[in-house]
Amino acid sequence: MQYRVAIVGATGAVGQELLRVLEQRRFPIRSLRLLASERSVGKTLMFHGEPLPVEVLRPDSFAGIEIAFFSAGGARSKEFVPVAVQAGAIVIDNSSAFRMDPEVPLVIPEINPDALRCHRGIIANPNCSTIIMLMALEPLRRLARIRRIVVSTYQAASGAGAQAMQELLDATHAYLHGEPFEPKVLPHPYAFNLFSHNSPIGDDGYNEEERKMILETRKIWGDSEVAVSPTCVRVPVLRAHCESILAELEIRPPLEAIYEAYRAFAGVRLVDDRVRNYFPMPIEATGQDEVLVGRIRYDSGSPNGVALFACGDQLRKGAALNAVQIAEQLIHA
Ligand SMILES: NC(=O)c1ccc[n+]([C@@H]2O[C@H](COP(=O)([O-])OP(=O)(O)OC[C@H]3O[C@@H](n4cnc5c(N)ncnc54)[C@H](OP(=O)(O)O)[C@@H]3O)[C@@H](O)[C@H]2O)c1
């Protein structure tokens, strides 16, 4: 069976990665409709060697569509996801608009595929930092319950979209040539700098990205008790987020069992060579489907703590790949 598919936000960083992932995984597509804003009128994007026109997103864009991937921001999702569902499409939404809606499954296929069973037309793709963290922790969680997570992120420009990636390139060029540069997309100078994540901060001192990691972890794990202490930071890396993670478990599994669990878990690759001081790096995670995990060690400051360092391409596993894997689960169910 082949499906009539739409991508909303096809010209964006996630949208373009969706095109690549659908092509590479040979997703069974009968027709593909590419949707974006008025700004993209006249553009074409290549799919399986053919140019496809980009159309303007409108309420009637979803006639005949069976699967719609949304990655055009929360406001577009709030407005058009119900329209797409009404037209008969199943929507996989990359924005945060529906993630915490109790009626909407929030799914990482390797972790909570059963949640897909109760969807009502919308499935939410989790936040990219959350996906990478939970993929990196899943082998440990299969050995013992995780009670608490302390995580610091090192987030790439791509997480803020195609324009932020361009701003990092432009700012770096200007810096190297001694030219003035006024940031337009991100709030602070980005070249040779880093700053606290550029999402709004609440009264409790946590920014929105950190809050997503806390709440989404509880929902995906179905564990309202798990404590998550995140600090999210934007670093001048083009693509692929890193995370330094300390997990406190209920018991302390043997180190060999931990390594074995990582070797056995599809979707994660162990990169952990102490002799060569060789561990996960964003440059090696870029374009990869797997989340790289290394620096695995017992925490020196807590009896059942395990520390590790993870790195994943958030445009792939953190967004497009996870969304396509959800669609694959749905069509094979
Ligand atoms: N980047 C990530 O790693 C990541 C990870 C997970 C989730 N997400 C989520 O995915 C979504 C897209 O992120 P992105 O990084 O791909 O952003 P992006 O590169 O800025 O792309 C935004 C896309 O949305 C489209 N768009 C904007 N306004 C529109 C409108 N009024 N009508 C129709 N289309 C409109 C843009 O079309 P034009 O080109 O025509 O402007 C473009 O295709 C966001 O909700 C984001 O939170 C991103």
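Residues numbered from 1 in each chain as written. Predicted model: local features only at pLDDT ≥ 70, side-chain atom pairs only at ≥ 80, totals over all residues.

### So, the overall build of the protein
Logical step 1: The number of helices and strands found in the protein is eight helices and 14 strands.
Logical step 2: For the protein, whose C-alpha radius of gyration is 20 Å, the value lies close to the compact-globule estimate of 20 Å for 333 residues.
Logical step 3: When contacts within the protein are restricted to residue pairs at least 6 apart in sequence, long-range pairs at least 24 apart make up 66% of them. (Helix = DSSP H or I, 4+ residues; strand = E, 2+ residues; numbered from the N terminus. Rg over C-alpha atoms; globule rule 2.2 N^0.38 Å. Contact = placed C-beta atoms within 7 Å.)

### Remarks on the site of the ligand
Logical step 1: Taken together, 29 residues lie near the ligand, and Gly-9, Gly-12, Ser-37, Ala-72 and Gly-161 sit nearest.
Logical step 2: Elements that contribute at least two residues to the shell around the ligand include exactly α1 (13–24), α2 (74–86), α4 (162–176) and α8 (316–332).
Logical step 3: Here the shell around the ligand takes three residues from α1, the largest share from any one element.
Logical step 4: Counted by class, the shell around the ligand contains ten nonpolar, 17 polar and two charged residues.
Logical step 5: Two domains share the shell around the ligand, each providing at least three of its residues, namely domain 1 (3–126 + 319–332) and domain 2 (130–314). (Near = placed C-beta within 6 Å. Nonpolar A, V, L, I, M, F, W, Y, C, P; charged D, E, K, R; others polar. Domains from an automatic or database assignment.)

### Some words on the environment of Gly-9
Logical step 1: Residue placement: Gly-9 occurs in the loop between β1 (3–8) and α1.
Logical step 2: Along the primary structure Gly-9 and Ala-285 are separated by 276 residues, whereas in three dimensions their C-alpha atoms are 24 Å apart.
Logical step 3: Excluding its chain neighbours within four sequence positions, the residues that come into contact with Gly-9 are Val-14, Gly-15, Ala-36, Phe-70, Ser-71 and Ala-72.

### Points about the domain arrangement of the protein
Accessible area lost on assembly of the parts is the figure often given for the size of an interface.
Logical step 1: With domains assigned, the protein is organised as domain 1 (3–126 + 319–332) and domain 2 (130–314).
Logical step 2: Computed from C-alpha coordinates alone, the two centres of domain 1 and domain 2 are separated by 25 Å.
Logical step 3: Tallying the contact residues gives 14 residues for domain 1 and 18 residues for domain 2.
Logical step 4: Split into classes, the residues belonging to the side of domain 1 that touches domain 2 amount to eight nonpolar, four polar and two charged.

### Things to note about the sheet that holds strand β7 (residues 122–124)
Logical step 1: The mixed open sheet is built from seven strands, whose spatial order is β3-β4-β2-β1-β5-β6-β7. Pairing within the sheet leaves two strands with one partner each, and these edge strands are β3 (44–47) and β7. The sheet shows a mean angle of 25 degrees between the axes of neighbouring strands, direction not considered.
Logical step 2: Pairing analysis gives four bridges linking β3 to strand β4 (residues 50–56), with the strands arranged antiparallel. Of the residues in β4, the one forming a bridge with Phe-47 is Glu-50.
Logical step 3: Packed onto the sheet, α2 meets β1, β5 (67–70), β6 (90–93) and β7 and runs at close to 160 degrees relative to β6.
Logical step 4: Contacting β1, β5, β6 and β7, α8 runs over the sheet at an angle of about 155 degrees to β6. (Pairing = 2+ DSSP bridges. Axes fitted to C-alpha atoms, helices over the stretch in contact; angles between N-to-C directions.)

### Describing the environment of Ile-251
Logical step 1: The residue Ile-251 is located in the loop between β11 (241–249) and α6 (255–264) in this model.
Logical step 2: Between the alpha carbons of Ile-251 and Asp-93 there is a distance of 36 Å; along the sequence they are 158 residues apart.
Logical step 3: Discounting chain neighbours no more than four positions away, the residues touching Ile-251 are Ala-144 and Asn-304.

### A word on the packing of helix α3 (residues 128–141) against helix α5 (residues 208–221)
Logical step 1: In contact at an axis separation of 9 Å, α3 and α5 are set at 50 degrees when each is read in the N-to-C sense. Between α3 and α5, the angle is such that the two are oblique. Considering how the two elements wind past one another, α3 and α5 form a crossing that is right-handed. The residues of α5 that touch α3, namely those facing Ser-129, Thr-130, Met-133 and Leu-134, are Glu-209, Lys-212, Met-213, Glu-216, Thr-217 and Ile-220.
Logical step 2: Its residues placed into classes, the contact of α3 with α5 shows four nonpolar, three polar and three charged. (Parallel < 35°, antiparallel > 145°, perpendicular 65-115°, else oblique. Left-handed = near helix turned anticlockwise from the far one by under 90°.)

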